[in-house]
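Descriptive analysis of the structure
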Amino acid sequence: MNPFNEKPVDLINTIDNWTALYPRSYNKNDTDPFTKTRIILMNGTEFEAVGFSHNFSRNTDNNDLRRDLAMLRRSEQSQQKTLSCLKPKDESILEHTISYEQLAVDLTAILAKREPDVNVKNALDFALLEDFDHLYRYADLLEMDRGIYAEQLVGGYTEIMPGRPTISEHRHPFDNIKYPINCKEASPITRLNVAIITAAEQQTMNYYMNIAGFYENDIGRKLYQEIGLIEEQHVSQYGSLIDPRSTFLEKLLDHEYTECYLYYSCYEDEKDPMIKGIWEQFFVREVAHLHKAADLLMKYEHKHWQQLIPDGRFPELLKFSQNIDYVRDVINRSLYYTSNMEDYEDARSSRNERFISFQHHVNKSADEVPSHVVIKEYIQRNSQDYRYEVNPHPTTELRDRTTDNTTAARECVVEMVIK
């Protein structure tokens, strides 16, 4: 599929009336978990598109160009509003959060498995274990507060057990910045992967930033605060991978191409007929957006789209599947890693003074860290934590279900305390 070869519809036909804007929501009990994750992914992709467009508009004084951006933005907003309301009214904040974290785990694993750039793959694998741990923390809170087992929500596709402990994820901001890719040299898959994961993690960050104050109790509000801060770190990391040398119009073309790619991937992967129809409809609209972006690039910078995307055909499509073996492998390889500037290192031998100092500043006591308070309270009530495992945890240190580990990946910090 090459979206540049498709005939675009008129942009005015990409904006909905009120009836079309409000879809029938999915059934939270019957809908496949990966359908839910696709909806969250595309909602985040639309948020990214709208945010970028506003930023672009605020950085140019050409009102003709700003009007064209406003037209594209209204169309993207229509799509985002539709996707947002696919979530049913009876799905709680925390149930919806499980889908967010399942998306974070499985999307990151899928992208990492196909990523040829070592720098990008390392970033994906590193953050994967943190999102995996977040799923575990929220799952325990869900069972504790609502009596719902998250394994029912993830459909058996994704395990629920500790990853890199959340307390170990609090890093100095300097250590979340990585080397950017070079779009002229990067593979099409790498360019797509960086754009996709940045938008997806940004959506999670935005959700947690806004939702914390709406949770029903203090322990949950504090958990959303903490994990929201980790998601900000992830967005800083992934955003730093984006090529800063591209112009705004070049970035606009990349955004629209990514959206075309994702909607077509969703369409090909979707099993739900009603949702599949939405993916098809929005792909058609994104083709129109893409052609408009190409026209603007030619009009204002005299560049043909092929100068940026030599082969417009989509590479390997994004297809959701379970990644249990891959996640377990990453746990075995990199559970104990922390970040040091652009690199990663084993916390058991690290002497990163920024990390140690920041840990002491933020985590005065492990007993005060919200993510670990959740597990501690769950164990006190139930004698052991809640998990969904197909086999025992791959790391011996994290197999004990009667205590919460606050040492793994921060051994250098604990060692300093002992001294």
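My aim in this report is to walk through the structure given alongside it, one point at a time. What you see is a predicted model; the values in this text were computed from it and never measured. (Residues numbered from 1 in each chain as written. Predicted model: local features only at pLDDT ≥ 70, side-chain atom pairs only at ≥ 80, totals over all residues. Heavy atoms only, no water.)

**Some details on the overall build of the protein**
Selection rule: Elements are defined by DSSP. Helices are runs of H or I of four residues or more, strands are runs of E of two residues or more, and each kind is numbered from the N terminus. This radius of gyration counts C-alpha atoms alone. The globule rule is 2.2 Å times how many residues there are, raised to the power 0.38. Burial classes follow relative accessibility: with a 1.4 Å probe on protein chains only, a residue under 20% of its type's maximum area counts as buried, one over 50% as exposed, and anything between as partly exposed. A contact between two residues is defined here by any heavy atoms of the two lying within 4.5 Å. Note on areas: Shrake-Rupley, 1.4 Å probe, and residue coverage restricted to the protein chains presented here.
Summing up its helical and strand segments, the protein has 14 helices and two strands in all. Over its C-alpha atoms the protein spans a radius of gyration of 22 Å, differing by no more than 12% from the 22 Å that the globule rule assigns to 419 residues. Considering only C-alpha atoms, the protein reaches an extent of 65 × 45 × 35 Å along its principal axes. Of all 419 residues assigned to the protein, the portion counted as buried reaches 58%. Counting contacts in the protein only where the partners sit at least 6 residues apart, residues at least 24 apart contribute 84% of the total. Approximately 17,700 Å² of the protein is accessible, and the part contributed by carbon and sulfur atoms is 50%.

**Some details on the packing of helix 4 (residues 93-114) against helix 7 (residues 188-211)**
The test is simple: For every element, the axis is a line fit to its C-alpha atoms; helices are fit only across the contacting stretch, and the angle between N-to-C directions ranges from 0 to 180 degrees. Just so you know how the angles are binned, under 35 degrees is roughly parallel, over 145 roughly antiparallel, 65 to 115 roughly perpendicular, and the rest oblique. Each helix crossing is assigned a hand: it is left-handed if the near helix lies turned anticlockwise from the far helix by less than a right angle, otherwise right-handed if that turn is clockwise. Amino acids outside the nonpolar list (Ala, Val, Leu, Ile, Met, Phe, Trp, Tyr, Cys, Pro) and the charged list (Asp, Glu, Lys, Arg) are all regarded as polar, and Gly is one of them.
The geometry of helix 4 relative to helix 7 is characterised by a closest axis approach of 11 Å and an angle of 160° between their N-to-C directions. Classed by the angle they form, the pair helix 4 and helix 7 counts as roughly antiparallel. Relative to helix 7, the crossing made by helix 4 is left-handed. Two secondary-structure elements touch here, helix 4 through Ile-93, His-96, Thr-97, Tyr-100, Glu-101, Ala-104, Leu-107, Thr-108, Leu-111 and Arg-114 and helix 7 through Ile-189, Asn-193, Ile-196, Ile-197, Ala-200, Glu-201, Gln-203, Thr-204, Tyr-207, Tyr-208 and Ile-211. Residues that form the contact of helix 4 with helix 7 fall into these classes: 12 nonpolar, six polar and three charged.

**Observations regarding helix 12 (residues 353-362)**
So the rule is basically this: The arc in question is the one traced by the directions running from the helix axis out to the C-beta atoms. Under the rule applied, a polar contact is a pair of N or O atoms within 3.5 Å (in protein, one hydrogen donor and one hydrogen acceptor; residues adjacent in sequence only if both atoms are side-chain atoms).
When helix 12 is considered as a whole, its buried residues turn out to be Phe-355, Ile-356 and Gln-359. Relative to the axis of helix 12, the buried residues are bounded by an arc of 100° and lie together on one face. For helix 12, the side-chain oxygen to backbone nitrogen distance between the N-cap and Arg-354 is 3.0 Å, and the N-cap itself is Asn-352.

**Looking at the nonpolar core**
Selection criterion: Joining through side-chain atoms within 4.5 Å is the link that ties buried Ala, Val, Leu, Ile, Met, Phe, Trp, Tyr and Cys residues into a set, and such a set is a nonpolar core.
Among the nonpolar cores identified, the biggest contains 108 residues, and Leu-41, Leu-107 and Leu-253 are the most heavily contacted of them. For this core, the element with the highest residue contribution is helix 5 (residues 118-146), accounting for 15 residues. Those residues within four positions of Leu-41 in sequence are excluded, and the remaining contacts are Leu-103, Leu-107, Ile-196, Ala-200, Leu-262, Leu-318 and Phe-320.

**Brief notes about the environment of Asn-59**
Looking at the secondary structure, you find Asn-59 in the loop between helix 2 (33-57) and helix 3 (63-84). Relative accessible area serves as the criterion here: at 48%, Asn-59 is assigned to the partly exposed category. Between the C-alpha atoms of Asn-59 and Arg-313, which are 254 residues apart in sequence, the distance is 31 Å.

**Section: the pattern of salt bridges**
It is possible for side chains of opposite charge to pair when their charged atoms get near one another. To keep things clear, this is the line we draw: In what follows, salt bridge is the name for a side-chain nitrogen of Lys or Arg lying within 4 Å of a carboxyl oxygen of Asp or Glu.
Under the defined criterion, the tally for this structure stands at 29 salt bridges. Among the salt bridges present, the one from Asp-125 reaches Arg-333, with a minimum N-O distance of 3.7 Å. Of this pair, Asp-125 sits in helix 5 while Arg-333 sits in helix 11 (residues 324-334), and the two are 208 residues apart along the sequence. The residue Asp-254 makes a salt bridge to Arg-191 at a minimum N-O spacing of 2.8 Å. One end of the pair, Asp-254, is in helix 9 (residues 248-269); the other, Arg-191, is in helix 7, with 63 residues separating them in the sequence. In terms of burial, Asp-254 and Arg-191 fall into one category: buried.

**Focus on the state of the cysteines**
Short version of the rule: Any pair of cysteine sulfurs within 2.5 Å is marked as a disulfide.
Counted under the stated rule, the structure contains zero disulfides. In this structure Cys-260 is not part of a disulfide, and its nearest cysteine sulfur, from Cys-266, lies 12 Å away. On the basis of relative accessible area, Cys-260 is assigned to the buried category, the value being 0%.

**Regarding the packing of aromatic side chains**
The cut-off we apply is this: Any two rings among Phe, Tyr and Trp, with Trp reduced to its six-membered ring, count as a pair given centres within 6.5 Å; such a pair is stacked if its planes are under 30 degrees apart, edge-to-face if over 60, and tilted if neither. Only when the NZ atom of a Lys or the CZ atom of an Arg is both within 6 Å of the ring centre and within 35 degrees of the ring normal do we say a charge sits over the ring.
Throughout the structure, instances matching the rule amount to 23 aromatic pairs. Between Tyr-208 and Tyr-224 the ring centres are 5.5 Å apart and the planes differ by 70°, which places this aromatic pair in the edge-to-face class. Of this pair, Tyr-208 sits in helix 7 while Tyr-224 sits in helix 8 (residues 218-239), and the two are 16 residues apart along the sequence. Accessibility assignment for this pair places Tyr-208 and Tyr-224 in one class, buried. Put simply, the rings of Phe-4, Tyr-257, Tyr-261, Tyr-264, Tyr-267, Phe-283, Trp-305 and Phe-314 touch in pairs and so form one group of aromatic residues. Here the guanidinium or amino end of Lys-276 rests over the ring plane of Tyr-267, the centre of that ring lying 4.2 Å away. Over the ring of Tyr-336 we find Arg-348, and its NZ or CZ is 3.8 Å from the ring centre.

**So, unusual backbone geometry**
Positive phi is not limited to glycine here, since His-302 has a value of about 55°. As for its position among the elements, His-302 is in the loop between helix 10 (273-301) and helix 11. For Ala-409, which is not glycine, the phi dihedral falls at a positive 75°. Structurally, Ala-409 can be placed in the loop between helix 13 (370-382) and helix 14 (411-418).

**Regarding helix 10**
The cut-off we apply is this: Multiplying 1.5 Å by the helix residue count minus one yields the expected span of that helix.
Relative to the 42 Å expected for 29 residues at 1.5 Å per residue, helix 10 spans 41 Å between its end C-alpha atoms, a close match to the ideal helical length. Two or three places before Met-274, at the opening of helix 10, Asp-272 has a side-chain oxygen 3.0 Å from that residue's backbone nitrogen. Once helix 10 finishes, His-302 follows within two positions and takes phi at roughly 55°, a positive value.

**Brief notes about the packing of helix 4 against helix 8**
The contact between helix 4 and helix 8 brings their axes to 14 Å, and the two run at 30°. Between helix 4 and helix 8, the interaxial angle falls into the category roughly parallel. Judged by the twist between their axes, the crossing of helix 4 over helix 8 is left-handed. Between helix 4, through Ile-93, Leu-94, Thr-97, Glu-101 and Thr-108, and helix 8, the contact on the second element is made entirely by Tyr-224, Ile-227, Glu-231 and Tyr-238. Considered class by class, the residues forming the contact of helix 4 with helix 8 number five nonpolar, two polar and two charged.

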